[in-house]
Amino acid sequence: MARSAGNTRLKSARLAAGYTSQQALADALGVGVRQVRRWESPNPPWPQPDVQQLLTRTLGQDLESLGFKAPDGVAVSGRRRTALATTPPAASLAAIPTQAVVPLQPATVAADYVAVTRSHRRLYWSVAPTTLHPPVIAHATLGCALLSETAGQTRTVVAASLAETFMLAGRVEFFDLREPERAAQTLLRALQAAAEADDPLLGSAILAHTAFIPGWDGRRDEAVERMTASRTYARRGAASAVLLAWLDAVEAECETRCGNSRTALNLIGHAEDVLAAGSDRPSPEWLDWFSPVRLAAFKGNTQLTAGHLPQARETLLAVLGSLNSGEEKQTTVILGDLAAVEAAANSPEAACRYALRALDQLERTWYATGMDRVREVRRALVPHQHKQCVRELDDRLYGWSTTVSALVR
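Residues numbered from 1 in each chain as written. Predicted model: local features only at pLDDT ≥ 70, side-chain atom pairs only at ≥ 80, totals over all residues. Heavy atoms only, no water.

### Concerning the overall build of the chain
Counting secondary structure elements, the chain contains 19 helices and 0 strands. Sequence separation of 24 or more characterises 67% of the internal contacts of the chain that already satisfy a separation of 6 or more. Working note: accessible area of the chain is about 19,200 Å², and carbon and sulfur atoms make up 51% of it. (Helix = DSSP H or I, 4+ residues; strand = E, 2+ residues; numbered from the N terminus. Contact = heavy atoms within 4.5 Å. Areas by Shrake-Rupley, 256 points an atom, 1.4 Å probe, with all protein chains shown as cover.)

### Observations concerning the packing of aromatic side chains
A full pass over the atoms with the stated rule returns 11 aromatic pairs. Between Phe175 and Phe212 the ring centres are 5.2 Å apart and the planes differ by 80 degrees, which places this aromatic pair in the edge-to-face class. With Phe175 in helix α7 (residues 152-176) and Phe212 in helix α9 (residues 200-216), the pair connects residues that are 37 residues apart, well separated along the chain. What makes Phe175 buried here is its relative accessible area of 8%. Its relative accessible area of 3% is what places Phe212 among the buried residues. Ring centres of Phe175 and Trp216 lie 5.8 Å apart, and the angle between their planes is 75 degrees; this geometry places the pair in the edge-to-face category. Taken together, the positions of Phe175 in helix α7 and Trp216 in helix α9 put the pair 41 residues apart, joining distant regions of the chain. (Phe/Tyr/Trp six-rings, centres within 6.5 Å; stacked < 30°, edge-to-face > 60°. Buried < 20%, exposed > 50% of the residue type's maximum accessible area, 1.4 Å probe, protein only.)

### Re α7
The end-to-end C-alpha distance of α7, which contains 25 residues, comes to 36 Å, matching closely the 36 Å that a straight helix rising 1.5 Å per residue would cover. Extensive coverage of α7 is indicated by the burial of 22 of its 25 residues. Within two residues after α7, Arg178 carries a phi angle of roughly 55 degrees, on the positive side. (Expected span 1.5 Å × (residues − 1).)

### Remarks on helix α13 (residues 292-306)
With 15 residues, α13 should reach 21 Å at 1.5 Å per residue; the first-to-last C-alpha distance of 21 Å fits that figure. Within the sequence span of α13, burial applies to Arg294, Leu295, Ala297, Phe298, Gly300, Asn301, Thr302, Gln303 and Leu304. In the core, the buried residues of α13 are packed alongside α11 (241-257), α12 (261-277), α14 (309-322), α15 (328-344) and α17 (368-380). Residue Gly307 follows α13 closely and has a positive phi angle near 85 degrees.

### Description of the environment of Arg257
Tracing the backbone shows Arg257 in helix α11. Residue class for Arg257 comes out partly exposed when judged on its relative accessible area of 34%. Between the alpha carbons of Arg257 and Arg219 there is a distance of 9.2 Å; along the sequence they are 38 residues apart.

### Thoughts on the pattern of salt bridges
Counted according to the given criterion, the structure contains 22 salt bridges. Between Arg219 and Glu222 there is a salt bridge whose closest N-O contact spans 2.8 Å. For Glu222, a relative accessible area of 33% gives the class partly exposed. The network of salt bridges with shared partners includes Arg118, Arg121, Glu164 and Glu285. (Salt bridge = Lys/Arg side-chain N within 4 Å of Asp/Glu carboxyl O.)

### Notes on the state of the cysteines
Applying the stated criterion across every chain, the model contains 0 disulfides. Here Cys254 is not disulfide-linked; the sulfur of Cys258 is the nearest cysteine sulfur, at 6.7 Å. Of all cysteine sulfurs, the one in Cys389 lies closest to Cys352, which takes part in no disulfide; the gap is 3.8 Å. (Disulfide = S-S within 2.5 Å.)

### What about the packing of α15 against helix α16 (residues 348-364)?
At a minimum axis distance of 7 Å, the contact between α15 and α16 shows a crossing angle of 165 degrees. As summarised for this structure, α15 and α16 are arranged roughly antiparallel, according to the angle between their axes. In the crossing of α15 with α16, the sense of the turn from one axis to the other is left-handed. Between α15 and α16, the contacting residues are Glu328, Thr332, Leu335, Gly336, Leu338, Ala339, Glu342 and Ala343 on the first element and Ala350, Ala351, Tyr354, Ala355, Arg357, Ala358, Gln361 and Leu362 on the second. Taken together, the residues of the contact of α15 with α16 break down into 10 nonpolar, 3 polar and 3 charged. (Axes fitted to C-alpha atoms, helices over the stretch in contact; angles between N-to-C directions. Parallel < 35°, antiparallel > 145°, perpendicular 65-115°, else oblique. Left-handed = near helix turned anticlockwise from the far one by under 90°. Nonpolar A, V, L, I, M, F, W, Y, C, P; charged D, E, K, R; others polar.)

### Concerning unusual backbone geometry
Most peptide bonds adopt trans geometry, and most residues besides glycine take a negative phi value. Phi at Asp198 takes a positive value of approximately 55 degrees, unusual for a residue other than glycine. Residue position: Asp198 is located in the loop between α8 (180-197) and α9. Positioned with a positive phi, Ala238 is a non-glycine residue whose angle comes to about 55 degrees. If you trace the backbone, Ala238 turns up in the loop between α10 (220-236) and α11.

### Side note on the nonpolar core
With 97 residues, the main nonpolar core has Trp246, Trp289 and Phe290 as its most contacted residues. Each residue touching Trp289, except ones within four places of it in the same chain, is listed here: Trp125, Met167, Arg171, Ala205, His209, Trp246 and Arg294. Val33, Trp46, Leu59 and Ala151 belong to the second largest nonpolar core, which has 21 residues in total. (Core = buried A, V, L, I, M, F, W, Y, C linked by side-chain atoms within 4.5 Å.)

### Some points on the side chain of Arg121
With respect to the element layout, Arg121 can be found in helix α5 (residues 108-123). Exposure remark for Arg121: the relative accessible area of 11% places this residue in the buried category. Beyond its immediate sequence surroundings of up to four residues, Arg121 is in contact with Glu164, Leu168, Glu285, Trp286 and Asp288.

### Focus: the packing of α7 against α9
Geometry of a packed helix pair, given as the angle between the helix axes and the separation of the axes. In the contact formed by α7 and α9, the axes pass within 10 Å of each other and the chain directions differ by 15 degrees. Taken together, the axes of α7 and α9 are roughly parallel relative to one another. Handedness of the crossing formed by α7 with α9: left-handed. Facing Ala160, Ala163, Glu164, Met167, Arg171, Phe174 and Phe175 of α7, the residues of α9 in contact are Leu202, Ala205, Ile206, His209, Phe212, Ile213 and Trp216. Partitioning the contact of α7 with α9 into residue classes produces 11 nonpolar, 1 polar and 2 charged.

Printed below as a string of C-alpha cells:
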C-alpha cells in the first residue's frame, strides 16, 4: 500500500514561508520539532490554543488551509486583512499590507525580488533620475503586492527589500529631483516596510534620510529629533562603525545647513574617530553611499562653510583625487565645492575652471545637488560677472543643452 504524503498543505506553506526544514519552523514557533512532524503527518492533531495564532500568522494561512480539521464544536476564526497605515498613501505609492493572504508565492520570490532591488541600487549611480525613478516605484508597488502573498521568512526578506526600494526612491526624489515633500511620503513608506521586516538598521538609515528634509530647510529641532530616533534604532541593530560614522556625517550636514559649523566639525571629528576605531560588525549591503572618502567630502564642505578655506581646499583636493570612475555624482559635488572655495578666496578664474569641469560631468551624469553647487558658485561670482571667465561660465550654464536638461530632469 502506498505511503501517505502526509499534511502536504502545511508542508507547502512552510516551504513558501521560507522555512526549509521542520526544525526551522519549530524554532520560529518555539515548539519541538516532534510537534511539527505530527502536524505534517497524515492525521495532524489540532494545534493547542496557545500556538494557533502564532502558527497562522507565521505561515499566513488559517488552520483549515494548513490542513487541520477542527474537532467537533470548535469554532474556526476567519482570515482578515488589514493595512499598516491608516492615512491614505501618497499618489502612485501603494499602501503596505500587514497580513498575508492566500495563495502564497513560493519562497524563491524573495530572492528574485531582492535581485531587482540590488540592480536598482547599482543603477542609481549612473542612470538619469527621471529614467530610474518610475521603475523603482513600480518595483515598490510589486513589493507591496507580494507582502499580501508571502509569509514567515519569505515575507520578512521581501519587506526588507521593499524598505530599501522605497528608501532608494526617496533618495532620488530628495537629492536628484528636489521634491522634499514627495520624498517625505516615500520615506514614510520605507519606514513602514522596515517595521514589517523588523529591521532596525534599515529603520535607522531611513530616519536619518528623513532628517535631511528639515535639516536642509533650517529646521534644526526637527532634524535633531529625527537623528535621535535614528541613533536609537542603530543601537538596537548593533550598527557597524561605517553606519555610525555616516549618522554623524548626516547630523553634521544638517548642523552646517542650520549655521552651526563648529558643532558640525565636532561631529565629523567624532565620525573620523569611529572609523579609525572600527568594529567587527559588518555593514549592510545597501550602505553603498558612504566611506571614509565620503566623510572627507562632508568635512571639506563644512570647512568651506566655516570659512576655513585653506583647509577646505586641501581636504577637497584629496577627496577629488581619491574618487573612482563610478562616483560621478559625488565628483560634481566636490568640483562645485572647490569652485566655491576659489570664489570665496577671490580667485574667479580658478572658480570658473572647477565649475566648468562640474558642468562637463553633469552633462554625462545628472545630479541636482551638483547643479545646485554650481549655481551657488555663480551667485558668489556676481562681483566678477564682467570678467571673461564668468561670461564663459554663463555660456555653458545657460546654454541650450544645459538649460533644457535642467528643466527636463
